[in-house]
Amino acid sequence: MPLSSRHLLGLQGVPKEDINLILDTAKTFREVLERPIKRVPTLQGKTVINLFYESSTRTRISFELAEKRLSADAVNFSVSTSSVSKGETLKDTIRNIEAMKVDMVVVRHPAAGTPLFLTKVCDSNIINAGDGAHEHPTQALLDMYSIKEKLGKLEGVKVCMVGDIAHSRVALSNIFGLKAVGAEVSVCGPSTMIPKNIEELGVKVIYDIDEAIRENDVLNVLRIQLERKAREYFPSIREYAAFFGITEERLEKVGKEDILILHPGPINRGVELSSGVADGLKQIILTQVTNGVAVRMAVLYLLGTMN
Amino acid sequence: MKIILKNTHLLHPEQKVDRDKIDILLIDGVISKIDNLKKDDFKDAQEFDLRGKYIAPGFFDMHVHLREPGREDKETIISGCNSAANGGFTGIACMPNTEPAIDSAEVVTFIKRKAASHLVNVHPVAAATVGRKGEVISPMAELYENGAVGFSDDGVAIKTSAILRRALEYSKMFGTPVIEHCEDETLAGGSMNEGLNSTTLGLPPIPSVAEDIIVSRDILMAEYTGGIIHIAHISTKKSVEMVREAKKKGTKVTAEVTPHHFTLTDDAVKTYDTNTKMNPPLRTREDVNEIIKGLKDGTIDAIASDHAPHSIEEKETEFDYALNGIIGLETEVGLTLTELYHNKILSLNQIIEKLAINPRKILNIPVPKFDVGEQANFTIFDPDEVWTVDISKFKSKSVNSPFDKRLLTGKAVGVINNNMMFYNGEMVRI
Ligand SMILES: [Zn+2]
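Residues numbered from 1 in each chain as written. Chains lettered and ligands numbered in written order. Predicted model: local features only at pLDDT ≥ 70, side-chain atom pairs only at ≥ 80, totals over all residues. Heavy atoms only, no water.

(A) Spatial organisation of the overall build of chain A. When helices and strands are counted, chain A shows 11 helices and nine strands. With the C-alpha coordinates aligned to their principal axes, the bounding extent of chain A is approximately 60 × 45 × 35 Å. Within chain A, the proportion of its 307 residues that are buried is 57%. For chain A, the proportion of contacts with a sequence separation of at least 24, taken over those separated by at least 6, is 74%. As displayed, chain A offers around 13000 Å² of accessible surface, 51% of which is attributable to carbon and sulfur atoms. Side-chain charges of chain A comprise 38 positive and 38 negative groups, with the mean position of each set lying 4 Å from the other. (Helix = DSSP H or I, 4+ residues; strand = E, 2+ residues; numbered from the N terminus. Buried < 20%, exposed > 50% of the residue type's maximum accessible area, 1.4 Å probe, protein only. Contact = heavy atoms within 4.5 Å. Areas by Shrake-Rupley, 256 points an atom, 1.4 Å probe, with all protein chains shown as cover. Lys, Arg positive; Asp, Glu negative; His and termini not counted. Charge placed at Lys NZ, Arg CZ, Asp CG, Glu CD.)

So this is what it looks like as structure tokens:
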């Protein structure tokens, strides 16, 4: 059964069946990645462009690797090397790119809605690799994959997103994806970083990090943006670390040393996670990197073989 | 030239005129006879059969952005006037955020001169502060003397309470309103209304309280100074409630609303169509319901388009980067009749009050009269004509509208003013 859409713009409204199909497909690719020859010819002859208007080495490399493992021709187009600085509009850029016979576009952009805009001005399959504070579906899919890998299921699993929920595309995609497959989702962070109407998405709001640790099976800890305008949302990094940082002492106090912690990386050590907790995550973070490639291979494969 | 408008329905709520099947004789643009036309009157006259159509005092849009001087590629004074005529208006007030701003007698005179020979009367609203910078009040007396009908820093609110105070005090001398774009700049800067939709769309939010705070400030200051405040493009529930309360207390406050703010909610933004990006942003169903209530009970005095032409490049782009605003002159009457008349919210008389009478009263412009000897200043409209919006046929130089292809019921079919008639898409001297 194919996916119900020829683009992956986000996880909002994506049916459970699609999510499970992607996760199951990722599992088979995960096995491919364990082989000595990690390449399959599935997307041979297809061209995928990685259109990055925001620097994100991790996500770009993950996509690029996924594309190469599927034998697609991967082309990188990032803002610094492009004609964007010359004032070329996004529409012109995408038209020019399409003239080069591109099959799929992976796009990262600081403005929400840009992937949807691209579906209207070009014919390629569009994959959202993060648009503003909107969605980052492949990150959420890989988080879900990792949870399922560790806990054996997603349905009924209690997951708390911790940190700056209001400005996080990772949080939003996780909320939509996890809710679709029947997980219980909560959010925890300073109240200034929790959007006003988030409860209407069926999400519980927790302000006490100990309670969040106590009540959940998984903590998905977001990176706090130290550099951004973030500073107007909490008084100081020290205060954030003291009240929302996850430390070994807290985990011990609540008696949840074994709680599954995910982090999209890179970690601000001593802020959202203490150094000790971060060290304990080394293995899972490495696994997440591999899972990320597998999930992206699954998405590229399912979309690229649709038409 | 002799013109006879036959079988029409005359409606003028202020003059308490409501007469069907009337013939009117115009000679050289002046009302020469109403009803009881003799055989002789028909001699050499051009006749227009207006069965099923109404004649109202010419409609007036008190919030239009002409882009001249400065951005003639988006709209000129003439193209804006053509757009107004095609939309059913015989008069407009144009906002001062041009380049340069309308903050000197020269710019006021320039605009008036450019529009002088047009069917549509253009009344400039001048800047409330020099360069709309919010630092010093503009030369209001001189601007008023040259034809400015109100003062506004539209695009933004007057920056500080102190300057607002002076603007209200000073403009009070001429009985002209200060027209406010109500938005607290420290809370502004987003792309859409703050709510569940902004969260799920990941777009930077503008809270409704940003409008409410300035509406509240402005009402308090109008009360304190005795000045006259007009709230432009009101969009929130709380703001409507505050204006209602203030009016009860006798505060000199009036308000206008745009058709898009009573027609659409922020659900329309879900498409990321940049033609749903405007400031104030589209709000929630709750806000729209209160606006409808405010239109009904008279809290909201006027309907105005906030006609804001933008180039294709400025709109066909990422949502966050697109400019705010839509064109509105040519969909305004259709949306008003569709949403308010056919949904039984306002009567035709109430609609004429909000489209023709109140905006002029707010700006101290004489309301056209249906009397023999008066210059004919009419809008001819058919409340039941069903039509589909086709932006490509509009007279505006810009095309930024979310209403293209929308089916509407009710249309302005012609206008008469300044010895000219615009009918069936043609402008003729009469
Ligand atoms: Zn405004």
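(B) Representation of the pattern of salt bridges in the model. Tallying each qualifying case throughout the model produces 39 salt bridges over all chains. For E316 of chain B, the salt bridge goes to K91 of chain A, with nearest N and O atoms at 2.5 Å. Separated into two different chains, E316 of chain B in the loop between helix 10 (312-315) and helix 11 (332-341) and K91 of chain A in helix 3 (residues 90-98) make up a pair that spans both. Close ionic contact of E169 of chain B with R166 of chain B constitutes a salt bridge, the shortest N to O distance being 2.9 Å. (Salt bridge = Lys/Arg side-chain N within 4 Å of Asp/Glu carboxyl O.)

(C) Quick peek at the packing of helix 11 of chain B against helix 12 (residues 348-362) of chain B. All names here are of chain B. At a minimum axis separation of 11 Å, helix 11 and helix 12 run at an interaxial angle of 140°. Between helix 11 and helix 12 lies a crossing whose hand is right-handed. Counted together, E332, V333, T336, L337, L340 and Y341 of helix 11 and L348, I351 and L355 of helix 12 form the full contact between these two elements. Residue composition of the contact of helix 11 with helix 12, grouped by class: seven nonpolar, one polar and one charged. (Axes fitted to C-alpha atoms, helices over the stretch in contact; angles between N-to-C directions. Left-handed = near helix turned anticlockwise from the far one by under 90°. Nonpolar A, V, L, I, M, F, W, Y, C, P; charged D, E, K, R; others polar.)

(D) Highlighting the nonpolar core. L141, I147, L219, I246, I261 and L300 of chain A are the most contacted members of the largest nonpolar core, which has 86 residues in total. Looking at this core, the element that brings in the most residues is helix 11 (residues 282-304) of chain A, giving 10 residues. For this core, the two domains that each supply at least three residues are domain 1 (16-135 + 291-304) and domain 2 (137-288) of chain A. If near-sequence neighbours (up to four positions away) are discounted, L219 of chain A is found in contact with C160, V162, A212, I213, I246, I259, L260, I261 and L262 of chain A. The next biggest cluster of nonpolar side chains, apart from the first, holds 75 residues, and it includes A157, I158, M221 and I291 of chain B. (Core = buried A, V, L, I, M, F, W, Y, C linked by side-chain atoms within 4.5 Å. Domains from an automatic or database assignment.)

(E) Quick look at the interface of chain B and chain A. Residue-level contacts link 17 residues of chain B with 22 residues of chain A. For the pair chain B and chain A, the summed buried surface comes to about 1500 Å²; carbon and sulfur atoms form 61% of the total. Per-residue buried area on chain B facing chain A is highest for L196, T200 and E318 of chain B; these three make up 34% of the total on that side. At the junction of chain B and chain A, the tally comes to one salt bridge. Counting the contacts that link chain B with chain A gives five residue pairs in polar contact (both at pLDDT 80 or more). Split by residue class, the side of chain B that touches chain A holds six nonpolar, six polar and five charged. (Buried area = accessible area lost by both parts, 1.4 Å probe. Polar contact = N/O pair within 3.5 Å; in protein donor to acceptor, adjacent residues only side chain to side chain.)

(F) Quick look at the coordination of the zinc ion. Residue and element names in this part refer to chain B. Looking at the metal site, the zinc ion is ligated by D154 (OD), H181 (ND1) and H233 (NE2), spaced 2.0 to 2.3 Å from it. Along the chain, the residues donating to the zinc ion fall in the pattern D-x26-H-x51-H. A residue pair is termed long-range when its members are at least 10 positions apart, and H181 in the loop between strand 11 (178-180) and strand 12 (192-193) and H233 in the loop between strand 14 (229-231) and helix 7 (237-248) qualify at 52 residues. Each member of the pair, H181 together with H233, is buried. (Donors = N, O, S within 2.8 Å, 3.2 Å for Na, K, Ca; no water.)

(G) Representation of the domain arrangement of chain B in the model. Residue and element names in this part refer to chain B. Assigned domains within chain B: domain 1 (2-55 + 371-429) and domain 2 (58-362). Each of domain 1 and domain 2 has a C-alpha centre, and these two points are 27 Å apart. Contacts between the two partners involve 40 residues from domain 1 and, on the opposite side, 52 residues from domain 2. Its largest share of buried area at the contact with domain 2, domain 1 owes to K397, N400 and F403, together 18% of the area lost on that side. Inspection of the domain 1/domain 2 interface yields two salt bridges. Among the salt bridges present, the one from K361 reaches E14, with a minimum N-O distance of 3.0 Å. Linking domain 1 with domain 2 are 25 residue pairs in polar contact (both at pLDDT 80 or more), by the criterion used here.

(H) Seen up close, unusual backbone geometry. Residue G265 of chain A is joined to P266 of chain A through a cis peptide bond whose omega torsion reads -10°. A cis geometry characterises the amide bond from E68 of chain B onward to P69 of chain B, with omega recorded as 0°. Residue position: P69 of chain B is located in the loop between strand 6 (59-64) and helix 1 (77-87). Phi at Y272 of chain B is positive, roughly 55°, even though this residue is not glycine. Among the structural elements, Y272 of chain B can be located in the loop between helix 8 (259-263) and helix 9 (285-297). Even without being glycine, N424 of chain B reaches a positive phi, approximately 50°. Here N424 of chain B shows up in the loop between strand 19 (420-423) and strand 20 (426-429). With relative accessibility at 65%, the residue N424 of chain B sits in the exposed group.

(I) Representation of a negative patch on the surface in the model. Residues and elements named next belong to chain A. A cluster of acidic residues, E248, E249, E252, E257 and D258, forms a negative patch on the protein surface. With respect to the helices and strands, the residue E249 is situated in helix 9 (residues 248-254). You can call E249 exposed: its relative accessible area is 55%. (Patch = residues over 30% accessible without salt bridge, like charges linked within 9 Å, V, L, I, M, F, W, Y side chains within 5 Å.)

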